[in-house]
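# Residue-level structure breakdown
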Amino acid sequence: MSESTLVLFEVFVRSNRGLDHQHVGSVYASDHEQALVNARDVYIRRGEGVSIWVVKTTDIVASQESDVDTFYDPMDDKAYRHAMSYPMPEGVKNI
Amino acid sequence: MNDLVPELDNFQQKIDDEQRIEPKDWMPEKYRLNLIRQMSQHAHSEVIGMQPEGNWISSAPSLYRKIVLLSKVQDEAGHGLYLYSATETLGITRAEMNARLQSGESKYASIFNYPSLTWADVGAIGWLVDGAAIVNQVSLQRTSYGPYARAMIRICKEESFHQRQGYDIMVKLAEGSPAQREMAQDAINRWWWPSLMMFGPHDSDSVNSQQSMKWKIKRQSNDELRQKFVDQTVQQCEILKLELPDPDLRWNEERQHYDFGEIDWDEFYQVIKGNGHCNRDRIKHHVKAHKEGAWVREAMTAYAGKKAQRKDAA
């Protein structure tokens, strides 16, 4: 099989039940099934995960910090969105 | 144990071992349906819950209170989305959930069928209603279904702001004129009992509870959570120098908990059945908002179609 027929897949691994899948890298494969097998061989040889997602790299749409200034604005002027901007009366508990 | 369904043993074993169940795992159909019921009801509550507070955005007493409330209601929409998205992992679509809400087949927290009559209600909702929701949601961060637990963790991170902004409104009113104090007290009088009802029927009367506890969908019982909420809220009310409307409320040294009076369960079931003050209005408004948004969805589809055409032509 020539390398040009292979497609790049991004690999996401759930390290343990209850946790989100996290991106770990990518593999080349001819289809989704093979991508799963390759990802297992490359990324979870020592029990690093219990579940793998593979997604064609070309199917991922990503934004960049530099795309739009306002996209990742931390909204520092909107302090009222944080609990800490509401001073609580002396002695009040569990709030 | 159960040789006919080995998957069932394996499933219960995972739960007993404090493992989370993930979307692709085998699960009993009843577990799946039970979760769809509870999670969609939770999602609907976030979305319908926008209405009693949303009514006050245009009437907030200052620009500051307006942006705070706007921000809070926006968060509620987000919480609804986290939960719908987690529920969709169980094989039900957003459209089906919406249809069930609008037909009345799906419920939402009955507290949102009470009207928000004064500005103090916005404070009471944030402090008491969100406060009760937090007690429940903190417990659900450890629920057995992974996507639900993760949605709860995201939601709890944002809830603290909600409760504090509500309490802050109550503090300001409690420090204000006699009329303002009276308004605050009146809001507490109306919202206290419905807040206690949010935890659901007594454990002995709760039809879904026992199985939910065995499957660890619920981690603490309705009555345990309700007690926890009462215990922490009494002191917060004392600081306001206002009163909770319950003559039977008193510290029980032996139990190390507050005793409190009996909930009016007849009212609770009446509101669930659809006979609360606002049941019909809430659903009517939801249907109207959904219909009025149709052109946006149609425009988005048309735009995507045109873009695809242009790409083909190029």
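Residues numbered from 1 in each chain as written. Chains lettered and ligands numbered in written order. Predicted model: local features only at pLDDT ≥ 70, side-chain atom pairs only at ≥ 80, totals over all residues. Heavy atoms only, no water.

### Topic: the overall build of chain B
Looking only at helices and strands, chain B features 13 helices and 2 strands. Here the C-alpha radius of gyration of chain B, 22 Å, is about what a compact globule of 314 residues would show, namely 20 Å. Taken over 314 residues, chain B has a buried fraction of 52%. A fraction of 77% describes how many contacts in chain B between residues 6 or more apart in sequence connect residues 24 or more apart. For chain B, the accessible area works out to roughly 15600 Å², and carbon and sulfur atoms hold 55% of it. For chain B, the centre of its 40 positive side-chain charges and the centre of its 44 negative side-chain charges are spaced 8 Å apart. (Helix = DSSP H or I, 4+ residues; strand = E, 2+ residues; numbered from the N terminus. Rg over C-alpha atoms; globule rule 2.2 N^0.38 Å. Buried < 20%, exposed > 50% of the residue type's maximum accessible area, 1.4 Å probe, protein only. Contact = heavy atoms within 4.5 Å. Areas by Shrake-Rupley, 256 points an atom, 1.4 Å probe, with all protein chains shown as cover. Lys, Arg positive; Asp, Glu negative; His and termini not counted. Charge placed at Lys NZ, Arg CZ, Asp CG, Glu CD.)

### Some details on the pattern of salt bridges
Close approach of charged atoms lets side chains of opposite charge pair. Going through the model one piece at a time under the given rule, you end up with 21 salt bridges over all chains. Its salt-bridge partner being arginine 219 of chain B, residue glutamate 18 of chain B comes within 2.9 Å of it at the nearest N-O pair. One end of the pair, glutamate 18 of chain B, is in the loop between α1 (6-16) and α2 (29-48); the other, arginine 219 of chain B, is in the loop between α9 (209-214) and α10 (222-240), and 201 residues separate them in sequence. A residue is classified by how much of its surface remains accessible, and glutamate 18 of chain B, at 39% relative accessible area, is partly exposed. A salt bridge links aspartate 121 of chain B to arginine 190 of chain B, with the nearest nitrogen and oxygen atoms 2.8 Å apart. On the criterion of sequence distance, the pair formed by aspartate 121 of chain B in helix α6 (residues 119-140) and arginine 190 of chain B in helix α8 (residues 178-197) is long-range, its members being 69 residues apart. When its relative accessible area of 25% is taken as the criterion, arginine 190 of chain B is described as partly exposed. Members of the salt-bridge network, linked through shared partners, are Arg14 and Asp20 of chain A together with Glu22, Arg150 and Arg154 of chain B. (Salt bridge = Lys/Arg side-chain N within 4 Å of Asp/Glu carboxyl O.)

### What to know about the packing of helix α12 (residues 279-292) of chain B against helix α13 (residues 294-313) of chain B
All names here are of chain B. At a minimum axis distance of 4 Å, the contact between α12 and α13 shows a crossing angle of 30°. Viewed along their axes, α12 and α13 adopt a mutual orientation that is roughly parallel. Facing His290, Lys291 and Glu292 of α12, the residues of α13 in contact are Ala294, Trp295 and Arg297. When its residues are assigned to classes, the contact of α12 with α13 shows 2 nonpolar, 1 polar and 3 charged. (Axes fitted to C-alpha atoms, helices over the stretch in contact; angles between N-to-C directions. Parallel < 35°, antiparallel > 145°, perpendicular 65-115°, else oblique. Nonpolar A, V, L, I, M, F, W, Y, C, P; charged D, E, K, R; others polar.)

### Describing the sheet that holds strand β3 (residues 51-56) of chain A
Residue and element names in this part refer to chain A. With antiparallel pairing, 3 strands are arranged side by side in an open sheet as β2-β1-β3. A strand with exactly one partner marks an edge of an open sheet, and here the two such strands are β2 (22-29) and β3. If you compare each strand with its neighbour and ignore which way they point, the axes differ by 30° on average. Alignment of strand β1 (residues 7-14) against β3, held across 6 bridges, turns out to be antiparallel. The residue bridging valine 11 from the neighbouring strand is valine 54, located in β3. (Pairing = 2+ DSSP bridges.)

### What about helix α7 (residues 146-174) of chain B?
Residues and elements named next belong to chain B. Between its terminal C-alpha atoms α7 stretches 42 Å, which fits the 42 Å expected from 29 residues at 1.5 Å a residue. Largest kink in α7: about 35°, centred on glutamate 158. With 23 of its 29 residues buried, α7 lies for the most part within the structure. (Expected span 1.5 Å × (residues − 1). Bend = angle between axes of the 7 residues up to and from the residue.)

### Some words on a nonpolar patch on the surface
Among the surface-exposed residues, Val68, Phe71 and Tyr72 of chain A lie close enough to one another that they form a single nonpolar patch of about 320 Å² accessible area. Residue position: tyrosine 72 of chain A is located in the segment after β3. (Patch = residues over 30% accessible without salt bridge, like charges linked within 9 Å, V, L, I, M, F, W, Y side chains within 5 Å.)

### Description of the confidence of the model for chain A
This prediction gives chain A a mean pLDDT of 88; 96% of its residues lie at or above 70. The lowest-confidence element of chain A is β2 of chain A, averaging 93 in pLDDT; the highest-confidence one is β3 of chain A, averaging 96. (pLDDT = per-residue confidence, 0-100.)

### What about the environment of lysine 93 of chain A?
Within the secondary structure layout, lysine 93 of chain A lies in the segment after β3. What makes lysine 93 of chain A exposed here is its relative accessible area of 52%. A C-alpha to C-alpha distance of 28 Å links lysine 93 of chain A and aspartate 77 of chain A, two positions 16 residues apart in sequence. Residues contacting lysine 93 of chain A, with those up to four places away along its chain left out, are Gln232, Gln235 and Gln236 of chain B.

### Considerations on a positive patch on the surface
Residue and element names in this part refer to chain B. Judged by side-chain charge, Lys306, Lys307, Arg310 and Lys311 come together as a positively charged surface patch. With respect to the secondary-structure elements, lysine 307 resides in helix α13. Judged by its relative accessible area of 46%, lysine 307 falls in the partly exposed class.

### What to know about α1 of chain B
All names here are of chain B. Taken together, the buried positions of α1 are occupied by Phe11, Gln12, Lys14 and Ile15. Buried positions in α1, seen along its axis, are confined to an arc of 155° and lie on one side of it. Among the structural elements, α2 and α9 are those in contact with the buried residues of α1. Where α1 ends, the next residue or the one after it, glutamate 18, has phi of about 65°, a positive value. (Arc of directions from axis to C-beta.)

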